[in-house]
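Coordinate analysis (summary)
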Amino acid sequence: MKKFAVIVAGGSGQRMGAEIPKQFILLKGKPLLHYTLQSFLLAYPDLQIILVLPDMHIAKGCEIVDQLIAADRVQLTAGGETRFQSVKSGLQFVSHPSVVFVHDGVRCLVSQRLIQQCYEQAIQKGSAIPAVVATDSIRVDEGDKHFTIDRTKVRIIQTPQTFRSEILLDAFKQEYNSSFTDEATVVEAAGKPVFLINGEYNNLKITRPIDLFIAEKLLEEITV
């Protein structure tokens, strides 16, 4: 079956305290986005990547893609103002039947193993949403009061959120709703169930400077 990865990289460097968007920040001398693209290209030799960037950063994205061995399997497109619009922009290049991965561009340590596991489950169940068990105590804040909940029942959601194309493409025909925080919520709103799969704690999203430091240490372990 065909495989497409819609990689959304529309973040800024605000919380990183950086002058450039975080997807272009260097990790061991290479942009974060380089590692993300590379993991997907290595996971499957027939996987096609649709890289979604802000229009003003398309040229920078092209520079990164040109450095990849399989650059011919990556195409770029401009995103929108919201994640929903950016993903929808990428989905216009998806043909079906296929399996579609939607991934955050700054989750640069996603493993080929997780990508492959998500694909296999999506084939069987229609979707695969990576998630890890919360390790901290969790409290729900309701303004004047707050209460604890069982953290073993709490899941931290990751990407690549993976779907059979007919499910995802149909779900994105809906009008945008502010409740759409990720692709799973879009699919659920369309009346389809979504299925979790074990994620990986190393699959962190680079958001703050400490995340970059952790990623550097993890990358050192991977490449030893």
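Nothing here was measured: the structure is a model prediction, and the numbers come from that model.

Overview of the overall build of the chain
On a plain count of helices and strands, the chain comes out with seven helices and 12 strands. Since a compact globule built from 224 residues should have a radius of gyration of about 17 Å, the 17 Å found for the chain is in line with a globular shape. With respect to the principal axes defined by its C-alpha atoms, the chain has extents near 50 × 40 × 35 Å. Each of the 224 residues in the chain was classed as buried or not, and the buried ones make up 50%. Counting only contacts in the chain whose residues sit at least 6 apart along the sequence, the fraction spanning at least 24 positions is 71%. Looking at the chain as shown, the accessible area adds up to about 11600 Å², and 50% of this sits on carbon and sulfur atoms. Side chains of the chain carry 24 positive and 25 negative charges; the gap between the two charge centres is 4 Å.

Section: the pairing of strand E8 (residues 138-141)
As paired elements, E8 and strand E9 (residues 146-149) share four bridges and run antiparallel to each other. Residue pairing in the sheet places Arg139 in a bridge with Thr148 of E9. Where E8 folds back onto E9 in an antiparallel hairpin, the turn is made up of four residues, including Gly143, whose phi is positive at roughly 85°.

Description of the state of the cysteines
In total, this model carries zero disulfides according to the counting rule given. No disulfide involves Cys108; its sulfur sits 17 Å from the nearest other cysteine sulfur, which is in Cys118. What makes Cys108 buried here is its relative accessible area of 2%.

Topic: empty space enclosed by the protein
Under the criterion given, the structure shown has one cavity of 30 Å³ or more. There is about 50 Å³ of room inside the largest cavity. What lines the largest cavity is Arg83, Phe84, Val87, Phe172, Phe180, Thr181, Asp182, Glu183 and Val186. Tallying contributions element by element places helix H3 (residues 83-91) first for the lining of the largest cavity, with three residues. Across the lining of the largest cavity, the residue classes tally to five nonpolar, one polar and three charged.

Considerations on the side chain of Ser86
Among the structural elements, Ser86 can be located in helix H3. Note on Ser86: relative accessible area 8%, which makes it buried. Not counting the four nearest positions on each side in its chain, Ser86 is found in contact with Val8, Val52, Gly79 and Gly80.

Cut-offs applied
- Residues numbered from 1 in each chain as written.
- Predicted model: local features only at pLDDT ≥ 70, side-chain atom pairs only at ≥ 80, totals over all residues.
- Heavy atoms only, no water.
- Helix = DSSP H or I, 4+ residues; strand = E, 2+ residues; numbered from the N terminus.
- Rg over C-alpha atoms; globule rule 2.2 N^0.38 Å.
- Buried < 20%, exposed > 50% of the residue type's maximum accessible area, 1.4 Å probe, protein only.
- Contact = heavy atoms within 4.5 Å.
- Areas by Shrake-Rupley, 256 points an atom, 1.4 Å probe, with all protein chains shown as cover.
- Lys, Arg positive; Asp, Glu negative; His and termini not counted.
- Charge placed at Lys NZ, Arg CZ, Asp CG, Glu CD.
- Pairing = 2+ DSSP bridges.
- Disulfide = S-S within 2.5 Å.
- 1 Å grid on protein atoms, 1.4 Å probe; cavity = no way out; pocket = protein on both sides within 12 Å on 5 of 7 lines; lining within 4 Å.
- Points joined across faces, edges and corners; volume = space filled by probe spheres on them.
- Nonpolar A, V, L, I, M, F, W, Y, C, P; charged D, E, K, R; others polar.

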